[in-house]
Amino acid sequence: MRGDALKREEIPLILASASPRRAHLLRQLGLSFSVVPSEVPEDVLPGETPEVHVRRLSREKALEVHASHPEALVVAGDTVVVLGDRILGKPRDREDAVSMLMTLSGNTHRVVSGLALSFPWGDLEEGALTTEVTFRSFH
């Protein structure tokens, strides 16, 4: 099945994420979609750069969900915060989140986001984007 042979309305769109923010962004674009969260573990592999990490996770998430929904266009993403050479994980709780924010206070860090699209006709597109962010001091 080729993409140019299908009308846009005929292809279901699936967001492979439970992220309220990602769903909000798709809604802002006026898109109709279903949410099917991926179960891919988000561990950083040894020697993995932030860019390779988010691309790999985005790709694995898209392919995992696409395997059970081959008729759909599946959108998957992953984002990490990087301070120096260290990828900061998701905060475990409110205290951990405050600690992370205080660590970022007065510093410049990178936000690295990956995106993958798995198409019904078998193509997969992926990429990553890095943005530098500087926080004012919170003190």
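Quantities reported herein were computed from a predicted structural model and do not represent experimental measurements.

Conventions used here
- Here the residue numbers are simple positions, counted from 1 along each chain's written sequence.
- The predicted nature of this model means local features are confined to residues of pLDDT at least 70 and side-chain atom pairs, given and counted, to a pLDDT of 80 or more, with totals for whole chains, interfaces and linings taken over all residues.
- As a rule here, side-chain values cover all heavy atoms of the structure and leave hydrogens and water aside.
- Only buried Ala, Val, Leu, Ile, Met, Phe, Trp, Tyr and Cys residues count toward a nonpolar core, and they belong to the same one when joined by side-chain atoms within 4.5 Å.
- Here the term buried applies to any residue with accessible area under 20% of the maximum for its type, exposed to any over 50%, and partly exposed to those in between, with areas from a 1.4 Å probe on protein chains only.
- The helix and strand labels rest on DSSP assignments: H or I over at least four residues marks a helix, E over at least two residues marks a strand, and numbering proceeds from the N terminus.
- Any two residues whose heavy atoms approach within 4.5 Å at even a single point are treated as in contact.
- Two aromatic rings from Phe, Tyr or Trp, using only the six-membered ring of Trp, form a pair when their centres are within 6.5 Å; if the ring planes differ by under 30 degrees the pair is stacked, by over 60 it is edge-to-face, and anything between is tilted.
- When DSSP locates at least two bridges between a pair of strands, those strands are taken to pair.
- N or O atoms within 3.5 Å of each other form a polar contact, as long as, within protein, one can give a hydrogen and the other can take it, and as long as residues adjacent in sequence are counted only when both atoms are side-chain atoms.

(A) Region of the structure containing the nonpolar core. Core analysis: the biggest nonpolar cluster contains eight residues, these being Ile14, Ala16, Ala62, Val65, Ala72, Val74, Ala76 and Ala116. If you list the elements that add at least two residues to this core, you get α2 (50-68) and β3 (73-83). Beyond its immediate sequence surroundings of up to four residues, Ala16 is in contact with Val36, Pro37, Ser38, Lys61, Val65, Val74, Val75 and Ala76.

(B) Molecular detail of the environment of Arg59. Within the element layout of this structure, Arg59 appears in helix α2. Here the alpha-carbon distance between Arg59 and Asp78, two residues 19 residues apart in the chain, equals 9.4 Å. What Arg59 contacts, discounting residues up to four positions off in sequence, is Ala116, Leu124 and Glu126.

(C) Structural context of the packing of aromatic side chains. Per the stated rule, a full pass over the model turns up two aromatic pairs. Between Phe135 and Phe138, the ring centres sit 5.6 Å apart and the planes meet at 45°, which makes this aromatic pair tilted. For Phe138, a relative accessible area of 44% translates into the label partly exposed.

(D) View of the pairing of strand β6 (residues 124-134). Both strand β5 (residues 108-118) and β6 contribute to a ladder of eleven bridges, which runs antiparallel. Residue pairing across strands places Arg110 opposite Glu132, the latter belonging to β6.

(E) The arrangement of the environment of Thr79 in detail. Here Thr79 is to be found in strand β3. For Thr79, a relative accessible area of 35% gives the class partly exposed. Thr79 sits 50 residues away from Leu129 along the chain, and the two C-alpha atoms are 9.5 Å apart. Setting aside chain neighbours within four positions, we find Thr79 in contact with Arg22, Val54, Val111, Val112 and Ser113. Here Arg22 takes part through its side chain, which lies 3.2 Å from a polar atom of the side chain of Thr79. Of the polar contacts made by the side chain of Thr79, one reaches the side chain of Ser113; its length is 2.9 Å.

These results come straight from atomic positions and should not be treated as a statement about function.
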